Each structure stands twice: as structure tokens, then as C-alpha cells.
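Each chain, written out:
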Amino acid sequence: GQQLNQSPQSMFIQEGEDVSMNCTSSSIFNTWLWYKQDPGEGPVLLIALYKAGELTSNGRLTAQFGITRKDSFLNISASIPSDVGIYFCAGRRLTGGGNKLTFGTGTQLKVEL
Amino acid sequence: DGGITQSPKYLFRKEGQNVTLSCEQNLNHDAMYWYRQDPGQGLRLIYYSQIVNDFQKGDIAEGYSVSREKKESFPLTVTSAQKNPTAFYLCASSKQRNTEAFFGQGTRLTVV
């Protein structure tokens, strides 16, 4: 099955820095979701996007649904130690996906104090 | 409180034995899903169910079986035919087929 291309694979940043990660696909998607997973736990939904161009915020997190509908971005401003974890994008293809969610390979975020 | 409960958190089994992982939700969600996660990889869909008494194979269904006799429950059986069963298994549910999916806390299965 297809997995989305997510980058970077990992990031090691200083506390207080802003973070950007993105997710791309060769297919058009009609839904983009961003999740965060702590070690040994299930992913927790952060932001859901349903319209091309949509920009949505959740506290220090901002995500955008790309205009081409083939990509999405997640930004975290002023990172703090509890932002550590793995961030996954997930999307539903417009056609041919059977409404199933396809996941990215994850971006591991590490924050240095 | 509403949510998705997976049990047990950790499970050990001998090679060749079938094992069943439990997933229960009290969110009144119609759709339920099972994913497998291996280290350094994303989530891969095993099976999903949109409605009671109906389920569909995902991308990696071989060696697994499911049932959906009740709306609240979607147990996953890892059979002896699954060649590499050791993994982290995640159950999820969503209100309808095209809305957000919410996850349980996962079951880590180790087969020795």
C-alpha cells in the first residue's frame, strides 16, 4: 500500500525554535490529518483539514492543506520540551483510495533545552 | 469518559499460537480500523469495518482475521499464518467513513 512522503525524517532543534514539516503525495487528497505520537502510545489527532488552501491553527500548531491537494504542511512555533514525539500526516485520496487513510512515515522531533 | 480501549497493553505469545487483540469503543462510531506499526515506519492498515457485520481487507491483511458482531467491538486475531507478527497494533474508530479517526493506546505484541 502507498505511504505518504513525509520530511524531514527527524529533527533536533533548540527549545523556542519554530519547526516545519511537510507531507507530499503523487495523488490528490480530499482530507489531511496531522497526528502526534508519544512513545508506546497511540497517535493523538492535532489538526484536520478538509479544503484546498485551508489554514488551521491549534495553539502553537498551524497546518495547511496545499493548493494542489497533493501536500500539507505543519508548523510548530516556539517549541517546548513536551513537543517531543513523532508527527504523522495522514490523508484520504480523492479517488481510488476507498476512503481509507494513508499515513506518512513520520517526523521524529527532538527538542534540546 | 468516551474513548477507545485496547487490551492488553503488552502481550507475549509463543510462535504458532493464534492470539486475539481486543478493541472496544463507546463513542458510537460506525467505522473501526486496525493498523500495524513497525519501528521507523508509519501505520499500515490491516482491516477496517464501516458497519456491523461487514469488514474489508486493508493493505496487509494476510495472516490476520477480524469480526464485527457489535458496533462497539472490533477484535483482531493474529493467526499462526502471519510470518512476522511482533509489532505495535493500533485500533482506531471514526464517526463515518470520511471523518477523523481516533486511536486507542495500542497493544505491543511480542511473539517468541
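Scroll up for the structure.
Source: prediction; values computed, not measured.

**Remarks on the overall build of chain A**
So, step 1. The helix and strand tally for chain A stands at zero helices and eleven strands.
So, step 2. Principal-axis analysis of the C-alpha atoms gives chain A an extent of 45 × 30 × 20 Å.
So, step 3. For chain A, with 113 residues in total, the buried portion stands at 43%.
So, step 4. Taking contacts inside chain A between residues at least 6 apart in sequence as the whole, the part at least 24 apart equals 55%.

**Structural notes on the sheet that holds strand S1 (residues 4-7) of chain B**
All names here are of chain B.
So, step 1. Strand order in the open sheet made by the four strands is S1-S3-S8-S7, with antiparallel pairing throughout. Across the chains shown, the open sheet's two edge strands, defined by having one partner strand only, are S1 and strand S7 (64-66). Averaged over all adjacent pairs, the angle separating strand axes in this sheet is 20 degrees, with direction ignored.
So, step 2. Here S1 pairs with strand S3 (residues 19-25) via four bridges, running antiparallel. Bridge pairing in S3 links Ser7 to Ser22.

**Some words on the state of the cysteines**
So, step 1. On inspection of all chains with the given rule, the structure shows two disulfides over all chains.
So, step 2. Cys23 of chain A shares a disulfide with Cys89 of chain A; S-S distance 1.8 Å. Residue Cys23 of chain A is located in strand S3 (residues 19-24), and its partner Cys89 of chain A is located in strand S9 (residues 85-93); the two are separated by 66 residues in the primary sequence.
So, step 3. Judged by relative accessible area, Cys23 of chain A falls into the buried class, the value being 0%.
So, step 4. Covalent S-S linkage joins Cys23 of chain B and Cys91 of chain B, the inter-sulfur distance amounting to 1.9 Å. Handedness of the Cys23 of chain B-Cys91 of chain B disulfide follows from its S-S torsion of about -75 degrees: it is left-handed. One end of the pair, Cys23 of chain B, is in strand S3; the other, Cys91 of chain B, is in strand S9 (residues 87-94), with 68 residues separating them in the sequence. Each member of the pair, Cys23 of chain B as well as Cys91 of chain B, is classed as buried.

**Overview of the interface of chain A and chain B**
So, step 1. With 21 residues of chain A in contact, the opposing surface of chain B contributes 23 residues.
So, step 2. In total, chain A and chain B occlude about 1800 Å² of area from one another, counting both sides; carbon and sulfur atoms represent 50% of this.
So, step 3. On the surface where chain A and chain B come into contact, there are one salt bridge.
So, step 4. Between Lys9 of chain B and Glu41 of chain A there is a salt bridge, and its shortest N-O distance comes to 3.8 Å.
So, step 5. Mapped onto the side of chain A that touches chain B, the elements with two or more residues apiece are strand S4 (29-37), strand S5 (44-49), S9 and strand S10 (101-103) of chain A.

**A word on unusual backbone geometry**
Residues and elements named next belong to chain A.
So, step 1. Here the amide bond leading from Ser7 into Pro8 is cis, since omega sits at -5 degrees, within 30 degrees of zero.
So, step 2. Relative to the assigned elements, Pro8 resides in the loop between strand S1 (5-7) and strand S2 (10-14).
So, step 3. Although it is not a glycine, Arg69 adopts a positive phi angle of roughly 65 degrees.

**Some thoughts on the pattern of salt bridges**
Residue and element names in this part refer to chain B.
So, step 1. For the structure shown, the criterion picks out six salt bridges over all chains.
So, step 2. Where Lys71 meets Asp30, a salt bridge forms, and the shortest distance between an N and an O atom there is 3.4 Å. Of this pair, Lys71 sits in the loop between S7 and strand S8 (76-78) while Asp30 is found in the loop between S3 and strand S4 (31-37), placing the two residues 41 residues apart along the sequence.
So, step 3. Taken together, the salt bridges that share partners define one network made up of Arg36, Asp38 and Arg44.

Rules behind the numbers
Residues numbered from 1 in each chain as written. Chains lettered and ligands numbered in written order. Predicted model: local features only at pLDDT ≥ 70, side-chain atom pairs only at ≥ 80, totals over all residues. Heavy atoms only, no water. Helix = DSSP H or I, 4+ residues; strand = E, 2+ residues; numbered from the N terminus. Buried < 20%, exposed > 50% of the residue type's maximum accessible area, 1.4 Å probe, protein only. Contact = heavy atoms within 4.5 Å. Pairing = 2+ DSSP bridges. Axes fitted to C-alpha atoms, helices over the stretch in contact; angles between N-to-C directions. Disulfide = S-S within 2.5 Å. Buried area = accessible area lost by both parts, 1.4 Å probe. Salt bridge = Lys/Arg side-chain N within 4 Å of Asp/Glu carboxyl O.

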